[in-house]
Amino acid sequence: MLDSSGGLGHPRLLSIWIPSLMRFDRHLLVRLFGFRGAFLHGDTLVADRWRFLRRHLPLTRNGETLLDVGCGSGLFTIGAAKRGYQATGLSWDERNQQTAQTRAQICGVPGTSFPIQDLRDLDRRDDLKERFDVVLNCENIEHILNDDKLMRDIAGCLKPGGRLLFTSPFYYYHALSSADYGPFSTEEDGGHVRRGYTIGMLRELCDLSGLMIEEVTTCSGFFSQQVCKVHRLFLGAGWLAIIPLRWMPRLFDSVLMRFGLRGYSICMVAYKPRFGSSESQVKTANAAQIDVANI
């Protein structure tokens, strides 16, 4: 790279040069910066969710299996694979799955797989039943009308003793845009079909699915939400506009949320009992956990 007096290293030229190259190679940031580069494609809310997931995905060499239900472009699936999990990411979108597979190769986890799957038909995949130690479901279920069925199907993919790591918009969020006020779609057209989830709604889904809630919290606090607004304001160039601001949420939000400020997304860890607990035992355990939920 040339010097800052007018070569390619000049900040204003960089703001033109990198986006121009990305038109020809949408994996450019991943090629340049590896797995971390993939986060630059998304807003700060994506990074917040990964920090929640990473806390519950300890490094492993034990061959644990992980399923990412609604994996998008595969960022969290790839991240889990880099932490040692045998990871599979499911999505209905063929283009996203191709993107995910390419980025997995670039990031050094070529064994990660990305089959195409309509999540509404997850129960038809007998090969996935009770196969996984961990299932991820992040910012996906709010797009599905029959969320009860999806949650039961997710539970069916977990081994006894397996864990679900889950995020979705928090019902009591502060809106980031006018779309967050609704109206929400009455059809599964890619948009949100509901505002989000409360603690009680998650308890209801887990009770019906036989999952025990271990933790409920929120992520993406005030500063992350403000940086996300900047990202959306600049549309395709948003990733570049927020680079100087990305440090702010990580520094300030964790402090603010300790004082009761809620995040944009609700986060949950749930557990599939190893010993076949009864429905009443699950409900009792979930009620007790909800009583101490810190949000």
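Just above sits the structure.
Here goes a summary of the coordinates provided.

The helix and strand inventory of the protein chain stands at twelve helices and six strands. Expressed as a percentage of the 295 residues in the protein chain, the buried residues total 49%. Intrachain contacts of the protein chain at a sequence separation of at least 6 include 76% that bridge at least 24 residues. Carbon and sulfur atoms provide 54% of the accessible area of the protein chain, an area that totals close to 14,800 Å².

The next thing to look at is the pattern of salt bridges. This structure, assessed with the given rule, holds 14 salt bridges. For Lys149, the salt bridge is made with Asp123, and the minimal N-O distance between the two is 2.9 Å. Here Lys149, found in helix H7 (residues 147-157), pairs with Asp123, found in the loop between helix H6 (94-106) and strand S3 (132-138); they are 26 residues apart in sequence, far enough to count as distant. The salt bridge involving Arg203 is made with Asp207; its shortest N-O contact spans 3.5 Å.

Burial analysis of strand S5 (residues 212-219) places six of its eight residues in the buried class, which makes it a mostly covered element. With seven bridges joining them, S5 and strand S6 (residues 265-271) adopt antiparallel strand pairing. Directly across from Met212, in S6, lies its bridge partner Tyr271.

Tallying each qualifying case throughout the model produces eleven aromatic pairs. Between Phe39 and Trp50, the ring centres sit 6.4 Å apart and the planes meet at 45°, which makes this aromatic pair tilted. Note that Phe39 is positioned in helix H3 (residues 35-39) and Trp50 in helix H4 (residues 44-55), a separation of eleven residues in sequence. Within the aromatic cluster, the residues linked to one another by ring pairs are Phe35, Phe39, Trp50 and Phe76. If you follow Arg195 out to its NZ or CZ, it ends over the ring of Tyr171, 5.4 Å from the centre. Cation over ring: Arg195 sits above Tyr173, and NZ or CZ is 4.3 Å from the ring centre.

Core analysis: the biggest nonpolar cluster contains 31 residues, and Leu53, Leu57, Leu66, Phe76 and Leu165 have the highest contact counts within it. Secondary-structure elements contributing two or more residues to this core are H3, H4, helix H5 (75-82), H6, S3 and S6. Setting aside residues up to four positions removed in sequence, Leu53 forms contacts with Phe76, Leu136, Cys138 and Leu165. The next biggest cluster of nonpolar side chains, apart from the first, holds 30 residues, and it includes Leu67, Phe166, Leu205 and Cys206.

This part covers the side chain of His56. The topology assignment puts His56 in the loop between H4 and strand S1 (65-69). Those residues in contact with His56 that lie beyond four places of it in its chain are Arg163, Leu165, Glu215 and Val269.

Now for H6. For H6, with 13 residues, the first-to-last C-alpha span of 19 Å sits near the 18 Å given by 1.5 Å per residue. Listing the buried residues of H6 in full gives Gln97, Thr99, Ala100, Arg103 and Ala104. Projected onto a plane normal to the axis of H6, the buried residues spread over an arc of 160° and lie on a single side. Turning to H6, the residues buried within the fold contact helix H2 (28-33), H5 and strand S2 (86-90). Here H6 starts with a cap whose side-chain oxygen sits 3.0 Å from the backbone nitrogen of Arg95, and that cap is Asp93. Where H6 terminates, the next one or two residues include Gly108, which has phi positive at roughly 85°.

Rules used throughout
- Residues numbered from 1 in each chain as written.
- Predicted model: local features only at pLDDT ≥ 70, side-chain atom pairs only at ≥ 80, totals over all residues.
- Heavy atoms only, no water.
- Helix = DSSP H or I, 4+ residues; strand = E, 2+ residues; numbered from the N terminus.
- Buried < 20%, exposed > 50% of the residue type's maximum accessible area, 1.4 Å probe, protein only.
- Contact = heavy atoms within 4.5 Å.
- Areas by Shrake-Rupley, 256 points an atom, 1.4 Å probe, with all protein chains shown as cover.
- Salt bridge = Lys/Arg side-chain N within 4 Å of Asp/Glu carboxyl O.
- Pairing = 2+ DSSP bridges.
- Phe/Tyr/Trp six-rings, centres within 6.5 Å; stacked < 30°, edge-to-face > 60°.
- Lys NZ or Arg CZ within 6 Å of the ring centre and 35° of its normal.
- Core = buried A, V, L, I, M, F, W, Y, C linked by side-chain atoms within 4.5 Å.
- Expected span 1.5 Å × (residues − 1).
- Arc of directions from axis to C-beta.
- Polar contact = N/O pair within 3.5 Å; in protein donor to acceptor, adjacent residues only side chain to side chain.

Everything listed here is a matter of geometry and, on its own, says nothing about what the molecule does.
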